[in-house]
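Structural description and commentary
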Amino acid sequence: MNEIIRKPNKFRVKPNMENYEETYKKFEWNNFYDEIEWFEGEKLNAAYNAIDRQTKTWRKDKVALYCEGSNGTSGEYSFLDLQNLSNKFANVLKEYGTQRGDRVFIFLPRILELYVSFLGIIKTGAIASNLFSAFGTNALEDRLRDSGARILVTNSELKKRVDEIKDKLPELKHVMIVDDEGTDEEIDYMGEMKKASRDFEIEQMHPGDPLFMLYTSGTTGKPKGIVHTHYAILQEHLTMKWVLDIQEDDIYWCTADPGWVTGIAYGILGPWSNGTSSVVYEGKFSPEKWYSLIEKRRVTVWYTAPTAIRMLMHAGEEVAKNYDLESLRYLCSVGEPLNPEAIHWALKVFGLPFHDNWWQTETGGILIANYPTMSIKPGSMGKPFPGIRASIIDDDGNERPVGKEGNLAIKPPWPSMMKAVWRDAEKYRSYFKKGWYITGDMARMDDEGYFWFIGRADDIIKTAGERIGPFEVESVLVEHPAIVEAGVIGKPDLVRGEIIKAFVSLKKGYQPSTELEDDIKQFIKKRLAGHAYPREIEFRESLPKTQSGKIMRRLLKAQDLGLPIGDTSTLEER
Ligand code: ATP
Ligand code: MG
C-alpha cells in the first residue's frame, strides 16, 4: 500500500506537534499539567477548564459555538455567553437539590440547551450523561434505571418517550423541559433560567472524581456504563491539540452526537478547553447539507466517521463540486476502521487525506492516531499518542513480536482512562490482565510501529486453520465498483470450521445477480488471497448499524444463523 508522505512546508499553518517521534520519546504527562488550569490543592473542574478560563482572556468574546438548527435557524454564542448560561443552569440544579455525584442526564437533540446543561451539571460536581435523541423507550429505560439518574433534561417532543417509562424509574425525581413550561410536576427550564443568577461557585473536584458517564455503542453486546473523571480533560485537551491539530483561528466541526463519547470528548471538552470555535449541526446527515455547512461556516478542521465518509462517497464526487470546500485544512476520522479507499477518495475530492485515529468509550480520549506530519499508511490507525504504551499481546498477556496479530492492549493508567463500569466492578476488572488494559480489538504492529486494526476479537473468523479479520475482507469488498458497504462474518461450516460470508449493499444502478456475485468473489481472490474470499455473498438494501454508525456484525451473524439477536437498543432505526 502506498504511503502518503506529508509535506509540512506545504501546510497552511504550522502543526502544533512538529515531530511525533521526538515528542513521544521525551513525553511525560507531568510536564504538561500546566496545559490545564488547577485550583488550590490540586483540584480542578473540567467545565471551568473548557469555558471559564477562556473568559479571563481575550477569548471571552470569541465565538465558542455556532449552532445550526435543523429548521434553518442559526445562533452564535461566545465563551462568556456559555459561562453565564451554564452558571445559571448550575444554580437551577442546586435549587432542585443536586449534589456532587448525582447523575443528571440529558436527552436532547444537538441544540444550545444540551451544551449549556452539560457544562452546568459538571460545574455542580454532579455526573453528566447524554442520551442520543433517537433512543427509544427500551434504550432509555435501561440507561436511566442502571445509572439511577435523578434529573433528566429533555424537550416536549422527546419527553413523550420518557412518560411511557417514568413509572419504572423510582430514582428519577425531576424531568426538566427546555422548550415549554411543562406540567406542574415538571421543571420549566426557561422560567428557572430567567430567575437564576449568573454567579456560581464552581465545585472544585479531585482529579479522580467522576465527570461524566456514558454507555458504549453496544456493537458487540449490551452497552456498559463507563465512568470518566475530571482528570480526563488533560488528555482531551492535549489530543485535541496534537491529533486534531486545533489552532486559534480554526473553525472546527465534530459531526459526532454527544450521545457518543466522541461528541463529548471532541465535541465539548477538548475543543473548548483549547478555546476553539465549534460548529454544531442539529439536523440529520445529508451530503448537500453537510457540504453547505462547511462552505457557510468556512470549516477548517473536520472530525467525522467512516460511515459518513462512505455515504459521501456514495453520493459521488459531483455533489462535492457544487460547494466551496477550500476552507478545509485538516480531516480526521474515528469510530470504525477507515477503508484505504476512503482516504484516496478524500485526497481526490478535498485534496486532503483523512487521518484515522483509534480509541474507545472506555479510553476517554484518543490513544492511537495519525499525526499531521507523520506519513499515512492507508488502512493503519497510526501510532500511540505520546505517553501511551500500546502493544499486541496473546491471550495469556505475553507481548507478541512485530508483525504478529493479537489483542490490542494498553499499559494503564492514562489520564482519561475509565474509572469504573457503573455498578459493575466485575466487568471493570475483566478489562485488565497481567498489567494490561485489554481493548477487545485485534490488531498488529508493523516494523515502523504503525498499528493495523484487524477486527473486534468477537468478530474474528477462523476458516480452515486461518484467522481472518473482517476489516481486511471488507476493505477490499468496498473497492469493488458495485459495492457501497460490506459486513463480513464467519459462518459455521463442517469442513472448514467457518466460512467467510459477506453482506453487501450495492451502488445505484447495480442489481444483485449470480454474475455479480462471481465477479465479486474473483475480485477478492485476486486482490486479497485465495482462501480469504467470501464463499457466500448476500445482497442487502443496507446493513444493520448502531446509531453511532457502526456495522453490527453480531446482528448479521445472529440473523443468518437464526440465533437470538441480543440487545438491539442501539440499533439504528430504518
Ligand atoms: P460495545 O463496547 O458496547 O460493543 P463499541 O465498542 O462499538 O460498543 P465504542 O466505545 O463507541 O463502542 O467504540 C469503540 C470501538 O470502535 C473500538 O473498540 C473499535 O472496535 C472501534 N473503532 C474505533 N475507532 C476505530 C478505528 N479508527 N479503527 C478501527 N476501529 C475503530
Ligand atoms: Mg467496545
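All figures in this text were calculated on a predicted structure; none of them were measured in a lab.

Near ligand 1, the surroundings consist of 23 residues, among which Thr-216, Ser-217, Thr-219, Thr-220 and Thr-361 are the closest. A distance of 3.4 Å separates a nitrogen atom of ligand 1 from a polar backbone atom of Glu-336. Between ligand 1 and the protein, one listed contact pairs an oxygen atom with a side-chain N or O atom of Arg-456 at 2.9 Å. Contact with the protein chains hides 96% of the accessible area of ligand 1, taken as 640 Å² for the molecule alone. Listed by contribution, the elements that provide at least two residues to the shell around ligand 1 are strand 14 (354–358) and strand 22 (451–456). At three residues, strand 14 tops the list of elements feeding residues into the shell around ligand 1. Among the residues forming the shell around ligand 1, the class breakdown is six nonpolar, 10 polar and seven charged.

In this section: the environment of Thr-57. Turning to its location among the elements, Thr-57 is positioned in the loop between helix 2 (46–52) and strand 1 (63–68). A polar contact of 2.8 Å, which involves the side chain of Thr-57, links it to the backbone oxygen of Gln-54.

Before going further, it helps to spend a moment on a positive patch on the surface. On the surface, a cluster of positive charge is contributed by Arg-400, Lys-404, Lys-462 and Arg-467. Take Lys-404: it is sitting in the loop between strand 17 (390–393) and strand 18 (405–410).

Attention now moves to the nonpolar core. Generally speaking, nonpolar side chains in soluble globular proteins are found buried as a group. With 96 residues, the main nonpolar core has Leu-244, Leu-269, Trp-272 and Tyr-303 as its most contacted residues. The greatest single-element share of this core, amounting to eight residues, is contributed by helix 4 (residues 112–123). When neighbours within four sequence positions are excluded, Leu-244 is seen to be in contact with Thr-239, Tyr-252, Tyr-266, Val-301, Tyr-303, Tyr-330, Cys-332 and Ile-366. In this structure, Ile-251, Ala-308, Ala-342 and Val-349 belong to the second largest nonpolar core, which totals 32 residues.

On to the domain arrangement of the protein chain. Often the size quoted for an interface is simply the accessible area lost on bringing the parts together. In terms of domains, the protein chain is made up of domain 1 (20–442) and domain 2 (461–561). Taking only C-alpha atoms into account, the centre of domain 1 sits 32 Å from that of domain 2. Each partner contributes to the interface: domain 1 provides 22 residues, whereas domain 2 provides 19 residues. Carbon and sulfur atoms make up 52% of the surface buried where domain 1 meets domain 2, a total of about 1800 Å² over both sides. Considering only the side of domain 1, the residues that lose the most area to domain 2 are Thr-219, His-314 and Glu-341, jointly responsible for 29% of the buried surface there. Remark: the boundary between domain 1 and domain 2 carries one salt bridge. Arg-310 is paired through a salt bridge with Glu-485; the nearest N and O atoms lie 3.4 Å apart. Where domain 1 touches domain 2, the interface holds eight residue pairs in polar contact (both at pLDDT 80 or more).

Let us look at the state of the cysteines. If you walk through the whole model with that rule in mind, you get zero disulfides. Sulfur of Cys-254: no disulfide; nearest cysteine sulfur belongs to Cys-332 and is 10 Å away.

Our next topic: the pattern of salt bridges. Counted according to the given criterion, the structure contains 48 salt bridges. The salt bridge partner of Lys-377 is Asp-446, with a shortest N-O separation of 2.8 Å. With Lys-377 in the loop between strand 15 (368–369) and strand 16 (380–384) and Asp-446 in the loop between strand 21 (436–445) and strand 22, the pair connects residues that are 69 residues apart, well separated along the chain. There is no split in this pair, since Lys-377 and Asp-446 are both buried. In this structure, the salt-bridge partner of Glu-479 is Arg-527, at a minimum N-O distance of 2.9 Å.

A few words now on the side chain of Thr-219. Summarising the element assignment, Thr-219 is placed in the loop between strand 8 (210–215) and strand 9 (225–229). Discounting residues that sit within four places of it in the chain, Thr-219 has contacts with Arg-456, Thr-546, Lys-550, Ile-551 and Arg-554.

It is worth spelling out the packing of aromatic side chains at this point. Counted according to the given criterion, the structure contains 35 aromatic pairs. Each ring, one from Trp-290 and one from Trp-302, has its centre 6.3 Å from the other, and the planes form 70°; the classification is edge-to-face. Taken as a pair, Trp-290 in helix 10 (residues 287–297) and Trp-302 in strand 12 (residues 301–304) lie far apart in primary sequence, 12 residues in all. We classify Trp-302 as buried; its relative accessible area is 0%. Seen in terms of ring centroids, Phe-350 and Phe-354 are 6.4 Å apart; in terms of plane orientation they differ by 85°. Their pairing is edge-to-face. Among the aromatic residues, those joined into a cluster by ring pairs are Trp-253, Phe-285, Trp-290, Tyr-291, Trp-302, Tyr-323, Trp-345, Phe-350 and Phe-354.

Another point: unusual backbone geometry. At the junction of Pro-412 and Pro-413, the peptide bond is cis and its omega measures out at -5° in the coordinates. Of note, Pro-413 is situated in the loop between strand 18 and strand 19 (420–421). With phi around 45°, Lys-434 is a residue other than glycine that occupies positive phi space. By secondary structure assignment, the location of Lys-434 is in the loop between strand 20 (432–433) and strand 21. The class for Lys-434 is exposed, based on a relative accessible area of 58%. Unlike most non-glycine residues, Ala-464 shows phi in positive territory, near 45°. Position of Ala-464 relative to the elements: it lies in the loop between strand 23 (461–463) and strand 24 (466–468). Look at Ala-464 and you get exposed, because its relative accessible area is 56%.

Among the five residues of strand 14, five are classified as buried, and the element is accordingly described as predominantly covered. Neither face of strand 14 is exposed, since Phe-354, Asp-356 and Trp-358 on one face and His-355 and Asn-357 on the opposite face are all buried. Note: strand 13 (residues 330–333) against strand 14, three bridges, orientation parallel. In the sheet register, Ser-333 faces strand 14, and the bridge partner there is Asp-356. For the crossover that starts at strand 13, traverses helix 13 (residues 340–349) and ends in the parallel strand 14, the hand is right-handed. In this structure, strand 14 lies alongside strand 15, joined through two bridges in antiparallel fashion. The residue of strand 15 that forms the bridge with Asn-357 is Ala-369.

Calculation rules
Residues numbered from 1 in each chain as written. Chains lettered and ligands numbered in written order. Predicted model: local features only at pLDDT ≥ 70, side-chain atom pairs only at ≥ 80, totals over all residues. Heavy atoms only, no water. Near = heavy atom within 4 Å. Polar contact = N/O pair within 3.5 Å; in protein donor to acceptor, adjacent residues only side chain to side chain. Areas by Shrake-Rupley, 256 points an atom, 1.4 Å probe, with all protein chains shown as cover. Helix = DSSP H or I, 4+ residues; strand = E, 2+ residues; numbered from the N terminus. Nonpolar A, V, L, I, M, F, W, Y, C, P; charged D, E, K, R; others polar. Patch = residues over 30% accessible without salt bridge, like charges linked within 9 Å, V, L, I, M, F, W, Y side chains within 5 Å. Salt bridge = Lys/Arg side-chain N within 4 Å of Asp/Glu carboxyl O. Lys, Arg positive; Asp, Glu negative; His and termini not counted. Charge placed at Lys NZ, Arg CZ, Asp CG, Glu CD. Core = buried A, V, L, I, M, F, W, Y, C linked by side-chain atoms within 4.5 Å. Buried < 20%, exposed > 50% of the residue type's maximum accessible area, 1.4 Å probe, protein only. Contact = heavy atoms within 4.5 Å. Domains from an automatic or database assignment. Buried area = accessible area lost by both parts, 1.4 Å probe. Disulfide = S-S within 2.5 Å. Phe/Tyr/Trp six-rings, centres within 6.5 Å; stacked < 30°, edge-to-face > 60°. Pairing = 2+ DSSP bridges. Right-handed = clockwise from strand over helix to strand, strands pointing away.

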